[in-house]
Amino acid sequence: MYVMGIDTSCDDTCVAIIRDGTEISSNVVSSQVDVHKEWGGVVPELASRSHAEAMNAILDVALQKSGLGFSNIDGVAVTFGPGLPGALRVGINAASAIALALNKPLIGVNHVEAHIFVNLLVDPDLKPPFLALVISGGHTELVYVSEWGDYRVVGRTRDDACGEAYDKVAKLIGLGYPGGPIIDELAHRGNQGAIEFPHAKMKDRGLDFSFSGIKTAVLNYVKKKRKETGDQNWPGQEPDKADLAASFQRAMVNMLIENTVRAARESNTKRLVLGGGVASNRGLRENLDELKEHLGIEIHIPPPELCTDNAAMVAELGWWRFSGQQYKLSPISVLELKAYPNLSLDAK
Ligand code: KG4
Ligand code: ZN
C-alpha cells in the first residue's frame, strides 16, 4: 500500500510517499527559510503563498523520486492541524483534490501525533506504553502514550515553545534563522560552564516547561556585557559567541531532561520516544545517551531529517489508520476536511 503524505503546517512544503508503513519511497521537504529569514521568523501570509507556489512542483518531485505515478497511490494523508490556518489549507486543498481525482481515501492527521508516529516508521517493532517528548518550533509537549492513539499530555510549555526560545535567542545575538541548528553548531565549540543561566523555577509547575525566563536572562546578560564592553555587537565573535551558545544550550537541555526524567519516573516508564525539530539537537542527543546508560531507559530518536518537519511522518500515521490498525475510522469524505489550527493531541 502506497500512502502519500502532505504537510504544510508551518514553513516547509512537504510531500512524501511511503510503502506499507515501513519504507520511504520519497520524502521531499522544500524549505521556505530564504523567504522568512529577513523577517527573523515565519510570516504566515508569506508561508501560505509560498506553499501554494511550490506545491505542484514538490508533488512532481516526490512522484519522480519514488518512481511512481498518481495511479499507484492508495490513500492520501494530510496534516489538518495544529498549524498556521492559511498554510494548512494549502495542503488540505491539494490533498483533497488528489484524493477526489484518484477516488482514493483521504485522512486528516494531527501534526504532533505524526512527530511521534515517525518513530514507528524508523522502528516497526516500537510499541506503547511510552513517554513521548515532542519539541519543535511550535510545540513542547510531554505525552504519555498508553496505546497508539491514546494520549495524555502530562507537561507542556507555559510560554514559548522550545524551538521558539532557540530561535528568539539566536535572533537576539544576530545569528540568523532558524536559530536552533546554528546555536547547536556553535555550542560545540564553546564552554558550557562559561555563563550560569537560571533554570525555570515555577511554583506548582508540575511537569510543565517555561522558557521565557532563560530568554530574558540571556537578554539581560547581553545588555550588561554590551554596556561593560561598549561593544554594541557583543557577542560578535568567538569565543564569546560560542560560550554564550554553549551555556544557553546546557540550560535548555537540562530543563528538558529534568522534566522528562521526572515524567518517566512518575509514569513508571522505561521507554522514551522523541520527535520534533529540537530532537535533532546534538547536545540533547548526547545527554540522552548518558541517560540511557544511567537510568536504563530505552530511547527512540529519529534521524535528524525525520525530527524536523517532513511528510513521511504524516504518511506513516495515515498508513496506520488506513490499514485499520486500532483506529477503525472510515476514511473521511474529502468535502469534510477542514483546518484545525489549534488541534490538540488529547482531543482528537
Ligand atoms: O519540527 P520543526 O521542523 O517544525 C515545527 O513543527 O515547529 O521544528 C523547527 C524548530 C525550529 O525552532 C528550529 O530552530 C528547531 O526546531 N531546531 C533545532 C535544531 N534543529 C532544528 N533546535 C535546536 N537544535 C537543533 N539542532
Ligand atoms: Zn513540526
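1. Topic: the packing of aromatic side chains
- Applying the stated criterion to the full structure yields 10 aromatic pairs.
- Measuring from centroid to centroid gives 4.6 Å for F117 and W148, while their planes differ by 45 degrees, and the two rings are tilted. You can see F117 sitting in helix α4 (residues 111-122) and its partner W148 sitting in the loop between β7 (140-147) and β8 (150-156), a full 31 residues away along the chain.
- What makes F117 buried here is its relative accessible area of 0%.
- Ring plane angle 15 degrees and centroid distance 5.9 Å describe the contact between F209 and F211, whose orientation is recorded as stacked.

2. Section: the packing of helix α6 (residues 179-187) against helix α8 (residues 240-266)
- The N-to-C vectors of α6 and α8 enclose an angle of 110 degrees; their axes lie 8 Å apart at closest approach. Considering their axes alone, α6 and α8 lie roughly perpendicular with respect to each other. Judged by residue contacts, I183, D184, L186 and A187 of α6 engage K241, A242, A245, A246, F248 and Q249 from α8.
- Class assignment for the residues of the contact of α6 with α8 results in 7 nonpolar, 1 polar and 2 charged.

3. With respect to the coordination of the zinc ion (ligand 2)
- Coordination of the zinc ion (ligand 2) by the protein comes from H111 (NE2), H115 (NE2) and D309 (OD), over a distance range of 2.0 to 2.1 Å.
- Because the angles between the 4 donor atoms bound to the zinc ion (ligand 2) fall within 94 to 146 degrees, the donor set is best described as irregular.
- The sequence motif formed by the donor residues of the zinc ion (ligand 2) is H-x3-H-x193-D. Separated by 194 residues along the polypeptide, H115 in helix α4 and D309 in the loop between α10 (304-307) and α11 (312-322) bring together distant segments of the chain.

4. Some thoughts on the site of ligand 1
- In the neighbourhood of ligand 1, 20 residues make up the surrounding shell, with G137, D167, G277, N281 and D309 lying closest.
- G137 places a main-chain nitrogen or oxygen 2.8 Å from an oxygen atom of ligand 1.
- Contact between ligand 1 and G277: an oxygen atom at 2.9 Å from a main-chain N or O atom of the residue.
- For ligand 1, the protein covers 90% of the area, taking 550 Å² as the surface of the free molecule.
- Looking at the shell around ligand 1, the elements that each hand over two or more residues are α4, α5 (162-172) and α6.

5. Brief notes about the domain arrangement of the protein
- Examined at the domain level, the protein breaks down into domain 1 (2-118 + 310-347) and domain 2 (128-303).
- The centre of domain 1, based on its C-alpha atoms, is set 27 Å off from the matching centre of domain 2.
- The interface is formed by 21 residues belonging to domain 1 together with 20 residues belonging to domain 2.
- It is H115, I116 and L345 that lose the most area in domain 1 upon contact with domain 2, and together they represent 33% of the buried surface on that side.
- On the surface where domain 1 and domain 2 come into contact, there are 0 salt bridges.
- Across the domain 1-domain 2 interface, the total number found is 3 residue pairs in polar contact (both at pLDDT 80 or more).
- The greatest single-element share of the side of domain 1 that touches domain 2, amounting to 7 residues, is contributed by α4.
- Residues that form the side of domain 1 that touches domain 2 fall into these classes: 11 nonpolar, 6 polar and 4 charged.

6. Let's talk about the state of the cysteines
- For the structure on display, the rule yields 0 disulfides.
- No disulfide involves C162; its sulfur sits 12 Å from that of C307, the nearest cysteine.
- A relative accessible area of 0% places C162 in the buried class.
- Owing to a relative accessible area of 0%, C307 belongs among the buried residues under this scheme.

7. Considerations on the pattern of salt bridges
- By the definition in use, this model includes 15 salt bridges.
- We note a salt bridge from R19 to D20, for which the minimum N-O separation is 3.9 Å.
- As a salt-bridge pair, E164 and K168 come within 3.3 Å of each other at their nearest N and O atoms. With E164 and K168 both in helix α5, this residue pair falls 4 residues apart, about one helical turn.
- E164 sits in the partly exposed class, given a relative accessible area of 27%.
- Connected through shared salt-bridge partners, D160, E164, K168 and K215 make up one network.

8. Remarks on the pairing of strand β4 (residues 75-81)
- For β4, the buried fraction is high: 7 of the 7 residues fall into the buried class.
- In terms of strand pairing, strand β1 (residues 2-7) meets β4 through 4 bridges, oriented parallel. In the strand pairing of β4, V3 is matched with G75.
- Where β4 meets strand β5 (residues 106-110), 5 bridges bridge the pair, whose relative direction is parallel. Residue A77 lies in a different strand from β5, and its bridge partner there is I107.
- In this fold, the crossover linking β4 to β5 by way of helix α3 (residues 85-102) has right-handed handedness.

About the thresholds
Residues numbered from 1 in each chain as written. Chains lettered and ligands numbered in written order. Predicted model: local features only at pLDDT ≥ 70, side-chain atom pairs only at ≥ 80, totals over all residues. Heavy atoms only, no water. Phe/Tyr/Trp six-rings, centres within 6.5 Å; stacked < 30°, edge-to-face > 60°. Helix = DSSP H or I, 4+ residues; strand = E, 2+ residues; numbered from the N terminus. Buried < 20%, exposed > 50% of the residue type's maximum accessible area, 1.4 Å probe, protein only. Axes fitted to C-alpha atoms, helices over the stretch in contact; angles between N-to-C directions. Parallel < 35°, antiparallel > 145°, perpendicular 65-115°, else oblique. Contact = heavy atoms within 4.5 Å. Nonpolar A, V, L, I, M, F, W, Y, C, P; charged D, E, K, R; others polar. Donors = N, O, S within 2.8 Å, 3.2 Å for Na, K, Ca; no water. Tetrahedral: all angles 85-135°; square planar, octahedral: opposite > 155°, others 65-115°. Near = heavy atom within 4 Å. Polar contact = N/O pair within 3.5 Å; in protein donor to acceptor, adjacent residues only side chain to side chain. Areas by Shrake-Rupley, 256 points an atom, 1.4 Å probe, with all protein chains shown as cover. Domains from an automatic or database assignment. Buried area = accessible area lost by both parts, 1.4 Å probe. Salt bridge = Lys/Arg side-chain N within 4 Å of Asp/Glu carboxyl O. Disulfide = S-S within 2.5 Å. Pairing = 2+ DSSP bridges. Right-handed = clockwise from strand over helix to strand, strands pointing away.

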